[in-house]
Structures are given as structure tokens and as C-alpha cells.
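# Topology and contacts: notes
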Amino acid sequence: MDDNAENTIRQYSHMVYRLAYARTGNRQDADEIYQEVFLRYIRKKPDFQNHVHKKAWFLKVTVNCANSLWTSPWKRFTVPLTDDLVSEEKEQAADLSQALQKLPPRYREVIHLYYYEELSTEEIGQILRRKTSTVRTQLTRARAVLKEILKEEHYEF
């Protein structure tokens, strides 16, 4: 691997991992997606027009890899852990990251792309293949749901 590829991976690693985690809600799946995205980058060696095109490519591939993970036979036949293990985490004080994980994946991803990656609703729509109006509606609904979650966790506004 050349220095240019290493620099690109360093530059986009946090963004890819955060989006993968936002999509999946757990580290194991986020790790798998992260590895797949950069493996595709190294194998395909895409030629980018500019920085914006490169960032959009990484975001789109991350979303596609997450979608592929959910449709894989392995995921379809796995059973979630029982609530006994999760109840310990629920007893701890919730922070914003935990509250975000309670959102449905379609809301988590638009919140992540809008606030953490600072993309416009138009850019998010292109990446997720959704209408801009749908993205705006999902952002509005995600904020409302997040507000309710934070109220339940006794956060002050």
C-alpha cells in the first residue's frame, strides 16, 4: 500500500467508522463494515475528481456495506442477546451517544450525516437514495424522538 492510500485511510477512517457505528449500533458490525470499505478502496483504487467526490464515495460505500450486512444470511439468522445483559447498561446514566443508539437506524443515519459529517439534506438524499423532502422529514422526526428519549432519561433542555 502506498503512502497516498495510507493518508486517505487515515483521513477518512473516523468518518467511516462513525457512520458504520451509527448504522449498526454495535462495534463488531461497525468494525466489519469499516474493514470492507477500505478493502474496496484498496482493491478498486478509484480516481476521484476532488475532495468532495472522495468523501461522498466513502460515505456511499459505507452505507452500501451496511445495507449488505443487514441482508446477509448471517445477520438474518442471528438472535439478539437477552434483555438481561442490556439491563445493566440501561441502569447507567445515558449520554447522548446512548440516546442516539435508541433511534431507529434510518433516523440515526440522517442525524449522523447531518450533524457529524455536516452534509446538506440534498447531499444526504443523494447518498441514501432518498428524496430531499424525505431526509428533512426524517431529520424532524429524529429530533422529536431524540427529545423524548432525552426527557425519559431526565436530561434538562
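Everything in this summary refers to the structure shown in the same document. Computed from a prediction, not measured in an experiment: that's the story for all the values here.

## A few points about the overall build of the protein chain
Looking only at helices and strands, one finds 9 helices and 0 strands in the protein chain. When its helices and strands are written in sequence order, the protein chain yields α-α-α-α-α-α-α-α-α. Within the protein chain, contacts between residues at least 6 apart in sequence are counted, and of these 64% link residues at least 24 apart. Summing over all exposed atoms, the protein chain offers an accessible surface of approximately 10,400 Å²; the carbon and sulfur share of this is 50%.

## Side note on the pattern of salt bridges
A side chain with one charge may pair with a side chain of the opposite charge, provided their charged atoms come close. This structure, assessed with the given rule, holds 5 salt bridges. With its nearest N and O atoms 1.8 Å apart, the salt bridge here joins arginine 23 to glutamate 109. Linking arginine 23 in helix α1 (residues 3–24) with glutamate 109 in helix α7 (residues 105–116), this pair joins segments that are 86 residues apart in sequence. Accessibility assignment for this pair places arginine 23 and glutamate 109 in one class, buried. The residue arginine 40 makes a salt bridge to glutamate 36 at a minimum N-O spacing of 2.9 Å. One end of the pair is arginine 40 and the other is glutamate 36, both in helix α2 (residues 27–44) and 4 residues apart, which spans about a single turn. For arginine 40, a relative accessible area of 27% corresponds to the partly exposed category.

## Some remarks on the packing of aromatic side chains
Counted under the stated rule, the structure contains 12 aromatic pairs. Seen in terms of ring centroids, tyrosine 17 and tyrosine 21 are 6.4 Å apart; in terms of plane orientation they differ by 20°. Their pairing is stacked. Placement of the pair is tyrosine 17 and tyrosine 21 together in helix α1, with a separation of 4 residues, close to one helical turn. By relative accessible area, tyrosine 21 is classed as partly exposed at 24%. The interplanar angle of 75° and the centroid separation of 6.1 Å between the aromatic rings of tyrosine 17 and tyrosine 34 together place this pair among those described as edge-to-face. With tyrosine 17 in helix α1 and tyrosine 34 in helix α2, this residue pair connects regions lying 17 residues apart in the sequence. Judged by its relative accessible area of 24%, tyrosine 17 falls in the partly exposed class. An aromatic cluster is built from Tyr12, Tyr17, Tyr21, Tyr34, Phe38, Tyr41, Phe48, Trp57 and Phe58, whose rings are joined through pairwise contacts. Lying over the aromatic face of tyrosine 107, arginine 106 brings its terminal NZ or CZ to 4.6 Å of the ring centre.

What counts, and at which threshold
- Residues numbered from 1 in each chain as written.
- Predicted model: local features only at pLDDT ≥ 70, side-chain atom pairs only at ≥ 80, totals over all residues.
- Heavy atoms only, no water.
- Helix = DSSP H or I, 4+ residues; strand = E, 2+ residues; numbered from the N terminus.
- Contact = heavy atoms within 4.5 Å.
- Areas by Shrake-Rupley, 256 points an atom, 1.4 Å probe, with all protein chains shown as cover.
- Salt bridge = Lys/Arg side-chain N within 4 Å of Asp/Glu carboxyl O.
- Buried < 20%, exposed > 50% of the residue type's maximum accessible area, 1.4 Å probe, protein only.
- Phe/Tyr/Trp six-rings, centres within 6.5 Å; stacked < 30°, edge-to-face > 60°.
- Lys NZ or Arg CZ within 6 Å of the ring centre and 35° of its normal.

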